[in-house]
Amino acid sequence: MHQVKAASERRAGLYTDEERQRRDASKWTLVQGILAPLQFLVFLVSLVLVLRYLLTGEGFDAATISILVKTFVLYTIMVTGAIWEKDVFGQYLFAPAFFWEDVVSFVVIALHTIYLWGLLTGQLTPHEQMFVALAAYATYVINAAQFLLKLRAARLQAAAAAPSAAASARATAGAGQ
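The model shown is predicted, which means the values in this text are computed figures rather than measured ones.

Let us now look at the overall build of the protein. The number of helices and strands found in the protein is 5 helices and 0 strands. When the helices and strands of the protein are read in sequence order from the N terminus, they spell out α-α-α-α-α. Restricting the contact set of the protein to residue pairs at least 6 apart, pairs at least 24 apart contribute 69%. Only carbon and sulfur atoms are counted for the fraction: they give 69% of the accessible area of the protein, which is about 10,400 Å².

Next comes the structure, spelled out in structure tokens:
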């Protein structure tokens, strides 16, 4: 098993070199890369169906099924994301690099779970269920933006590291001549 760097060690960017290597080697990175766009596609379809129901009163069953699919995909990506965090950062959730993303993810999960509770218990009317789903979706959009900003930061970090790595390799090669 890999050693996880001490929290007190300085972090130059989103990932240390070791974390980046673990991220690139983890099968869960690919899983997240597949599930994230799938979740977004399911969200878009569901959003249209929920809005259609709220605007026309038609399509409650289709909207409900779409919310259930979105909830299933959300729960799946949360579980696999926790495993990914364990692989990369050595802890299942709330790794410092993704702390706030995880916090907002739990708000999204809580709202989806409230939706399920309302649906299964009948404690929320169909309109209330849809409004809870919309609140979950609005929070999901914020959460997705957080992750997209982190992805961009990781790419910028990798791009900034590439020239220094190339210079280091040239210096090492030059020293050996």
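That shown, we press on.
Looking now at the packing of aromatic side chains. Throughout the structure, instances matching the rule amount to 13 aromatic pairs. Ring plane angle 80° and centroid distance 5.9 Å describe the contact between Trp 84 and Phe 89, whose orientation is recorded as edge-to-face. Like Phe 89, Trp 84 is buried. Judged by centre distance (5.5 Å) and plane angle (50°), the rings of Phe 94 and Phe 99 are tilted.

This paragraph deals with the nonpolar core. Residues Val 50, Ile 67, Tyr 115, Met 130 and Tyr 137 are the most contacted members of the largest nonpolar core, which totals 23 residues. At the level of secondary structure, the elements contributing two or more residues to this core comprise α2 (27-56), α3 (60-89), α4 (99-121) and α5 (126-175). By residue number, the principal contributor to this core is α5, which donates 7 residues. Residues within four places of Tyr 137 in sequence aside, it is in contact with Phe 43, Ser 46, Leu 47, Val 50, Ser 66, Ile 67, Lys 70 and His 112.

A cluster of nonpolar residues, Phe 94, Phe 99, Trp 100 and Phe 106, forms a patch on the protein surface that exposes about 400 Å² of accessible area. Within the secondary structure layout, Phe 99 lies in helix α4.

Time to look at the side chain of Arg 23. Its location among the elements puts Arg 23 in helix α1 (residues 17-25). Among all residues touching Arg 23, those that are not within four sequence positions of it are Tyr 15, Thr 29, Trp 84, Val 88 and Ala 154.

Turning our eyes to something else, we now look at the packing of α2 against α3. Orientation of α2 relative to α3, taken along the N-to-C sense of each, is 160°, at an axis distance of 8 Å. Here α2 lies roughly antiparallel to α3, going by the angle between them. α2 and α3 meet at a crossing whose hand is left-handed. Among the residues forming the contact of α2 with α3, the class breakdown is 19 nonpolar, 8 polar and 2 charged.

Helical geometry note: an α-helix holds 3.6 residues per turn, so side chains three or four residues apart project in the same direction. For α1, the full list of buried residues reads Glu 19, Arg 20, Arg 22 and Arg 23. The buried side chains of α1 occupy one side of the element, clustering within an arc of 165° when seen end-on. Exposed and oriented more than 90 degrees from the buried face of α1 are Asp 17, Gln 21, Asp 24 and Ala 25.

The subject of this paragraph is the environment of Thr 139. Along the chain, the position of Thr 139 falls in helix α5. With residues near it in sequence (within four places) discarded, Thr 139 still touches Val 104, Val 107, Val 108 and Leu 111. Within the local environment of Thr 139, its side chain forms a polar contact with the backbone oxygen of Ala 135, the two atoms lying 2.9 Å apart.

Moving on to the environment of Val 50. Among the secondary structure elements, Val 50 is positioned in helix α2. The sequence separation of Val 50 and Leu 134 amounts to 84 residues, and the corresponding C-alpha distance is 7.9 Å. Beyond its immediate stretch of four places on either side in the chain, Val 50 contacts Ala 63, Ile 67, Met 130, Leu 134 and Tyr 137.

Moving on, we come to the packing of α3 against α4. At a closest axis distance of 10 Å, the pairing of α3 and α4 adopts a crossing angle of 145°. Remark: the crossing between α3 and α4 carries left-handed chirality. Contacts between α3 and α4 involve Thr 64, Ile 67, Leu 68, Lys 70, Thr 71, Leu 74, Tyr 75, Met 78 and Glu 85 from the former and Asp 102, Ser 105, Phe 106, Val 108, Ile 109, His 112, Thr 113, Tyr 115, Leu 116 and Leu 119 from the latter. Among the residues making up the contact of α3 with α4, the classes are represented as 11 nonpolar, 5 polar and 3 charged.

Reading the values: the criteria
Residues numbered from 1 in each chain as written. Predicted model: local features only at pLDDT ≥ 70, side-chain atom pairs only at ≥ 80, totals over all residues. Heavy atoms only, no water. Helix = DSSP H or I, 4+ residues; strand = E, 2+ residues; numbered from the N terminus. Contact = heavy atoms within 4.5 Å. Areas by Shrake-Rupley, 256 points an atom, 1.4 Å probe, with all protein chains shown as cover. Phe/Tyr/Trp six-rings, centres within 6.5 Å; stacked < 30°, edge-to-face > 60°. Buried < 20%, exposed > 50% of the residue type's maximum accessible area, 1.4 Å probe, protein only. Core = buried A, V, L, I, M, F, W, Y, C linked by side-chain atoms within 4.5 Å. Patch = residues over 30% accessible without salt bridge, like charges linked within 9 Å, V, L, I, M, F, W, Y side chains within 5 Å. Salt bridge = Lys/Arg side-chain N within 4 Å of Asp/Glu carboxyl O. Axes fitted to C-alpha atoms, helices over the stretch in contact; angles between N-to-C directions. Parallel < 35°, antiparallel > 145°, perpendicular 65-115°, else oblique. Left-handed = near helix turned anticlockwise from the far one by under 90°. Nonpolar A, V, L, I, M, F, W, Y, C, P; charged D, E, K, R; others polar. Arc of directions from axis to C-beta. Polar contact = N/O pair within 3.5 Å; in protein donor to acceptor, adjacent residues only side chain to side chain.

So, to be careful, I would describe these as geometric facts and stop short of saying anything about function.
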